[in-house]
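# Structural overview
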Amino acid sequence: FPPPLAQKPMYTYRGDGHNGCVIGGTALVDANVRNKKYPNRLVCEADDTIVVKWDTNELSLVMEKDKEVESAVLHSLYTELIQGLRRDRQNRKDEDSADRMYDKLMEFERLIDGAIKNAAIENGVVTLNSKDKREVREYARKNGVTLAQRESLVWKHKWTMDEWDDGAKVIADQEAGSAAVVA
């Protein structure tokens, strides 16, 4: 095995401040795990962490003899399992939420890009179509796009928020050729 601190942790445990967490509980309920070598390391983030350590084989024997101890340990393992499953479910929801927001922002940017491409250019002024602007505005409202996100995406297309809100942008003569390509 590589040195323990050089390995990426397989699991990260987080106590809830009340019950703590159980590390190595699988070895108590699955004797095959006890026969395998696997590295363990415990890194505590809080200075007031209390670590209670036991020999797995000895605890397993005590659990066989004393059903109250067995019940207490299994209850702790069950509680830890449920908390871990809930944490994992929440983490998946958070990841899904981030993915959904990314997709929404990509669609929002596509709408801005389309509004600019549909804009009319006349006498050095790019004028956005009010229908396109409304579509962008309603999409932002319905999908929780923040003002900062809107400003960033509008700025990415070389528009200020004032220009966007006004629906028009004055372009210089040298920009007119490039604006016609972009718009």
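Up top you'll find the structure we're talking about.
Quick look at the structure, then.

### Thoughts on the sheet that holds strand β3 (residues 168–170)
Consider a sheet: its strands pair through backbone hydrogen bonds, and that pairing is either parallel or antiparallel. In spatial order, the strands read β1-β2-β3; together these three strands make up an open sheet with antiparallel pairing. Two strands close off the open sheet at either side, each with one partner strand: β1 (120–122) and β3. Taking the axes of each pair of neighbouring strands and ignoring which way they run, one obtains an average angle of 20 degrees across the sheet. Strand direction decides the pairing type here: β1 and strand β2 (residues 125–127), joined by three bridges, are antiparallel. Across the sheet, the residue bridging to Ala-120 is Thr-127, located in β2.

### Overview of the packing of helix α3 (residues 56–65) against helix α4 (residues 67–117)
For the pair α3 and α4, the least separation of the axes is 5 Å and the interaxial angle reads 120 degrees. The angle between the axes of α3 and α4 places the two elements in the oblique class. Judged by the twist between their axes, the crossing of α3 over α4 is left-handed. Mapping the contact onto sequence places Leu-59, Val-62, Met-63, Glu-64 and Lys-65 in α3 and Lys-67, Val-69, Glu-70, Val-73 and Leu-74 in α4.

### Thoughts on the environment of Leu-59
Mapped onto the fold, Leu-59 is located in helix α3. Along the backbone, Leu-59 and Leu-28 are 31 residues apart, and their C-alpha atoms lie at a distance of 7.9 Å. Here Leu-59 is in contact with Leu-28, Trp-54 and Val-69, once residues within four sequence places are set aside.

### Here's the deal with the pattern of salt bridges
Applying the stated criterion across every chain, the model contains four salt bridges. Put simply, Asp-113 and Lys-117 hold a salt bridge, and the shortest N to O gap is 3.2 Å. Placement of the pair is Asp-113 and Lys-117 together in helix α4, with a separation of four residues, close to one helical turn.

### Focus on a negative patch on the surface
Among the surface-exposed residues, Asp-94, Glu-95, Asp-96, Asp-99 and Asp-103 lie close enough to one another that they form a single negatively charged patch. A relative accessible area of 41% means that Asp-96 is categorised as partly exposed.

### Focus on unusual backbone geometry
A positive phi angle, close to 55 degrees, is found at Asn-123, a residue other than glycine. For Lys-158, which is not glycine, the phi dihedral falls at a positive 65 degrees. Of note, Lys-158 is situated in the loop between α6 (147–156) and α7 (161–166).

### Quick word on the nonpolar core
Counting 18 residues, the largest nonpolar core has Phe-108, Ile-112, Val-136, Trp-159 and Trp-164 as its most contacted members. The set of elements that each furnish at least two residues to this core consists of α4, α5 (130–143), α6 and α7. Looking at which element gives the most residues to this core, the answer is α4, with five residues. Excluding residues that lie within four positions of it along the chain, Val-136 makes contacts with Phe-108, Leu-111, Ile-112, Ala-115 and Trp-164. Residues Val-22, Leu-28, Met-63 and Val-73 belong to the second largest nonpolar core, which totals six residues.

### A short note on the packing of aromatic side chains
Considering all chains together, one arrives at two aromatic pairs under this definition. Aromatic side chains Phe-108 and Tyr-139 sit 6.2 Å apart centroid to centroid with 20 degrees between the ring planes, which places their arrangement in the stacked category. Of the two residues, Phe-108 is situated in helix α4 and Tyr-139 in helix α5; the sequence distance between them amounts to 31 residues. In this pair, the class of Phe-108 matches that of Tyr-139, namely buried. Considering the side-chain rings of Trp-159 and Trp-164, the 5.9 Å spacing of their centres and the 80 degrees angle between planes classify their relative orientation as edge-to-face. With a relative accessible area of 3%, Trp-159 lands in the buried category.

Procedures and definitions
- Residues numbered from 1 in each chain as written.
- Predicted model: local features only at pLDDT ≥ 70, side-chain atom pairs only at ≥ 80, totals over all residues.
- Heavy atoms only, no water.
- Pairing = 2+ DSSP bridges.
- Helix = DSSP H or I, 4+ residues; strand = E, 2+ residues; numbered from the N terminus.
- Axes fitted to C-alpha atoms, helices over the stretch in contact; angles between N-to-C directions.
- Parallel < 35°, antiparallel > 145°, perpendicular 65-115°, else oblique.
- Left-handed = near helix turned anticlockwise from the far one by under 90°.
- Contact = heavy atoms within 4.5 Å.
- Salt bridge = Lys/Arg side-chain N within 4 Å of Asp/Glu carboxyl O.
- Patch = residues over 30% accessible without salt bridge, like charges linked within 9 Å, V, L, I, M, F, W, Y side chains within 5 Å.
- Areas by Shrake-Rupley, 256 points an atom, 1.4 Å probe, with all protein chains shown as cover.
- Lys, Arg positive; Asp, Glu negative; His and termini not counted.
- Charge placed at Lys NZ, Arg CZ, Asp CG, Glu CD.
- Buried < 20%, exposed > 50% of the residue type's maximum accessible area, 1.4 Å probe, protein only.
- Core = buried A, V, L, I, M, F, W, Y, C linked by side-chain atoms within 4.5 Å.
- Phe/Tyr/Trp six-rings, centres within 6.5 Å; stacked < 30°, edge-to-face > 60°.

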